[in-house]
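Next come the chains, spelled out residue by residue.
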Amino acid sequence: MSSNRGSFEGEIAGAIGERVSIRLRDGQSFRDLLGVLQSETTLIRRDGSTATFDPSEIAYFRVVPVFNRKNLESHDLRIYETASRGLATISGDVVRIYACGPTVYRDAHIGNMRTFLLTDLIRRALSLNGAESIVVSNITDVGHMSENLDGSDSGDKVLEEAARESVEPLEIARRYEAKFHDDLAMLNILPADFYPRASENIAEIISAISSLIEKGAAYIGSDGNVYCDARYVQDYGYISGNKLDSLKPGHRYEYQGDGGKKFHADWALWKLAGKRTEMIWDSPWGPGFPGWHIECSAMSLALLGSVVDIHVGGIDLRFPHHENERAQTNAIAGGEVVRNWIHGEHLLFEGKKMAKSSGNVILVSDIAAQGFDPLALRLALLENRYRSQIDMTWQNIAAAHSTLQRWRELVAQWGSGDELKRDEEIYSHVMNDLDTPKAILRLRAIEKDSSIGAQDKRGIFLYADLVLGLDLDRTPSHELTREAALLIEERAAARKVGKWSESDRLRDELAAMNVDVRDSKDGQSWTIKS
């Protein structure tokens with residue numbers, strides 16, 4: 001994938017005959033094409049029509065991997081849309097997605113990663129139907145001033161962490177941004193096509209604020225800060241149901257000290273620097289820094305244009321962030337920009353909300369440090385519907401690790417081919433609101449079904465893995481010694497006839513050989529301890 005002007009000539013010439021996704025600049029907006037590249041200036045769409053384009057207008061170009069869907073019936077993805085409170089149909093050759101990204105002042109915990117997994121699932125499900133996605137995920141490295149994990153009030157999060165560690169603010173931001181990308185890779189989450197940073201899009205943010213002022217949707221408050229007028233948008237509350245007449249003064253919607261507002265539900269677009277000396281920029285309203293919500297409006301309009309098919313975020317962002325973002329974006333664009341608002345639910349750990357004060361903030365790196373494959377966390381998350389609250393436990397992760405290991409061993413035993421076989425039940429479950437729990441149950445049934453041949457089982461598991469993303473074809477990284485393998489077989493036989501003390505003795509003997517054995521309702525699995 002490329003996204004730099006003037007860098008496409010060689011790529012286009014080398015991609016003739018391939019299925020490609022092309023985004024063209026079209027005035028202040030964009031035009032998307034998806035199809036087979038016929039020449040350096042023409043493309044054949046799925047319906048057989050031909051589209052021509054000027055290579056100098058390309059903003060984005062990518063060769064799209066093709067799964068053979070010949071003679072297979074397709075169903076549009078249906079997914080729960082927050083604003084309408086019902087299932088929305090997602091269709092089209094190219095789907096534009098904006099996903100709220102991390103605030104890079106600390107590590108993202110596994111609850112945060114669940115939201116990024118949701119975007120990944122949507123993209124993978126769309127790809128089963130041959131649809132391409134363009135994904136923008138912002139990096140908030142300035143201006144996020146809401147509550148800390150422990151519920152205490154906060155200033156700018158990046159600046160506070162920089163002061164604690166006595167380093168430059170952007171050093172903090174880049175460090176945690178890099179860790180975020182490492183976590184995405186460990187969970188097999190496809191990277192976004194664009195990761196715009198708030199600090200590098202100040203010009204776009206200032207332009208967006210200026211547009212809001214010109215349209216009468218924003219104003220300069222009595223304190224010199226710039227605020228968005230919540231009453232400008234007649235249907236405020238469209239996403240969350242929180243209507244303006246029910247929002248009482250005194251509720252903390254935004255920053256402390258926003259005393260220059262005309263209305264209690266208005267929010268800051270640009271804050272004057274005051275005593276702040278770092279991470280401030282010049283603006284028509286004086287040196288300062290942007291509010292949190294405006295960055296998403298500015299960057300989504302700049303990179304995706306006036307139509308965003310899907311906007312993804314955690315349920316905690318529904319209000320006020322997404323409500324405010326929608327008001328800003330629609331005021332600037334002059335119409336409805338986001339077609340579908342999709343939210344993932346909260347995650348608890350061991351029965352509690354993750355918080356520093358509870359000592360239960362779990363990171364992806366913590367999963368690996370416990371000896372589990374990070375993709376065990378992915379599987380444990382997928383065993384729950386994305387819009388259902390999860391109470392994650394170490395036991396859940398351990399069980400998922402055992403399942404993952406067993407499935408990889410089986411897939412390796414079932415053959416070595418790369419051929420995929422679509423299972424209609426799995427496909428239907430995925431297209432029906434990303435019902436991954438039922439898709440996984442179907443895999444468990446296929447695993448035990450003696451009427452399905454080994455090669456077909458392998459093909460089905462590999463097909464499911466296009467969405468599940470569990471690397472089921474990964475070659476097992478460790479081999480048992482012959483002695484250990486015989487002990488595992490002996491232990492399985494002992495458990496089968498209820499010789500539990502013998503089973504325990506053999507487990508201890510295997511542990512002395514650095515082989516860790518775990519039991520589940522599906523049988524025993526093992527790992528070699530490093």
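Values in this document were obtained by computation on a predicted structure and should not be read as measured data. (Residues numbered from 1 in each chain as written. Predicted model: local features only at pLDDT ≥ 70, side-chain atom pairs only at ≥ 80, totals over all residues. Heavy atoms only, no water.)

Asker: I would appreciate a short explanation of the environment of R444 in the present structure.
Answerer: By the element assignment, R444 lies in helix 12 (residues 436–448). Taking the C-alpha atoms as reference points, R444 and D93, 351 residues apart in sequence, are found 32 Å from one another. Here the side chain of R444 touches E383 through a polar contact of 2.9 Å, side chain to side chain. (Helix = DSSP H or I, 4+ residues; strand = E, 2+ residues; numbered from the N terminus. Polar contact = N/O pair within 3.5 Å; in protein donor to acceptor, adjacent residues only side chain to side chain.)

Asker: Would you explain unusual backbone geometry in this entry?
Answerer: Trans peptide bonds make up most of the peptide bonds, and negative phi angles are found at most residues other than glycine. For the bond running from F319 to P320, omega is 5°, close enough to zero to count as cis. Within the fold, P320 resides in helix 7 (residues 318–333). A positive phi angle is found at L434, which is not glycine, with a value near 50°. Inspection of the secondary structure assignment puts L434 in the loop between helix 11 (424–431) and helix 12. What makes L434 buried here is its relative accessible area of 2%. (Buried < 20%, exposed > 50% of the residue type's maximum accessible area, 1.4 Å probe, protein only.)

Asker: When you look at the pattern of salt bridges in this model, what are you seeing that I'm missing?
Answerer: For side chains of opposite charge, pairing can occur when their charged atoms come near one another. Under the criterion given, the structure shown has 37 salt bridges. R174 serves as the salt-bridge partner of E177, at 3.5 Å between the closest nitrogen and oxygen. Here E177 pairs with R174, and both are found in helix 4 (residues 169–186), just 3 residues apart, close to one helical turn. A residue is classified by how much of its surface remains accessible, and E177, at 6% relative accessible area, is buried. Residues R505 and E509 are paired through a salt bridge, measuring 3.0 Å at the closest nitrogen-oxygen approach. Taken together, the positions of R505 and E509, both in helix 15 (residues 500–512) and 4 residues apart, correspond to about one turn of that helix. (Salt bridge = Lys/Arg side-chain N within 4 Å of Asp/Glu carboxyl O.)

Asker: I'm lost on the side chain of H293 in this one. Help?
Answerer: Considering the arrangement of structural elements, one finds H293 in helix 6 (residues 292–304). Note on H293: relative accessible area 0%, which makes it buried. At a separation of 3.3 Å, a polar atom in the side chain of H293 contacts the side chain of N324.

Asker: Would you take a moment to explain the nonpolar core for this structure?
Answerer: One recurring pattern in soluble globular proteins is that nonpolar side chains are buried together. Ranked by size, the top nonpolar core spans 84 residues in total, and within it I110, I122, L377, M392, W407 and L434 carry the most contacts. No other element matches helix 2 (residues 110–128), which puts 10 residues into this core. Residues within four places of L434 in sequence aside, it is in contact with L77, R78, I79, L118, L121, I122, A125, R385, Y386 and H429. Counting residues in each nonpolar core, the second largest holds 47 residues, with I202, A217, W267 and W270 among its members. (Core = buried A, V, L, I, M, F, W, Y, C linked by side-chain atoms within 4.5 Å. Contact = heavy atoms within 4.5 Å.)

Asker: Quick question: what am I supposed to make of the packing of helix 11 against helix 12 here?
Answerer: The axes of two packed helices give the description: the angle between them and the distance between them. Contact geometry of helix 11 with helix 12 gives a least axis separation of 8 Å together with a crossing angle of 165°. The orientation of helix 11 relative to helix 12 falls into the category roughly antiparallel. Where helix 11 crosses over helix 12, the handedness of that crossing is left-handed. Where helix 11 abuts helix 12, its residues E425, I426 and H429 lie against K438, A439, R442, L443 and I446. Of the residues assigned to the contact of helix 11 with helix 12, the class counts are 4 nonpolar, 1 polar and 3 charged. (Axes fitted to C-alpha atoms, helices over the stretch in contact; angles between N-to-C directions. Parallel < 35°, antiparallel > 145°, perpendicular 65-115°, else oblique. Left-handed = near helix turned anticlockwise from the far one by under 90°. Nonpolar A, V, L, I, M, F, W, Y, C, P; charged D, E, K, R; others polar.)

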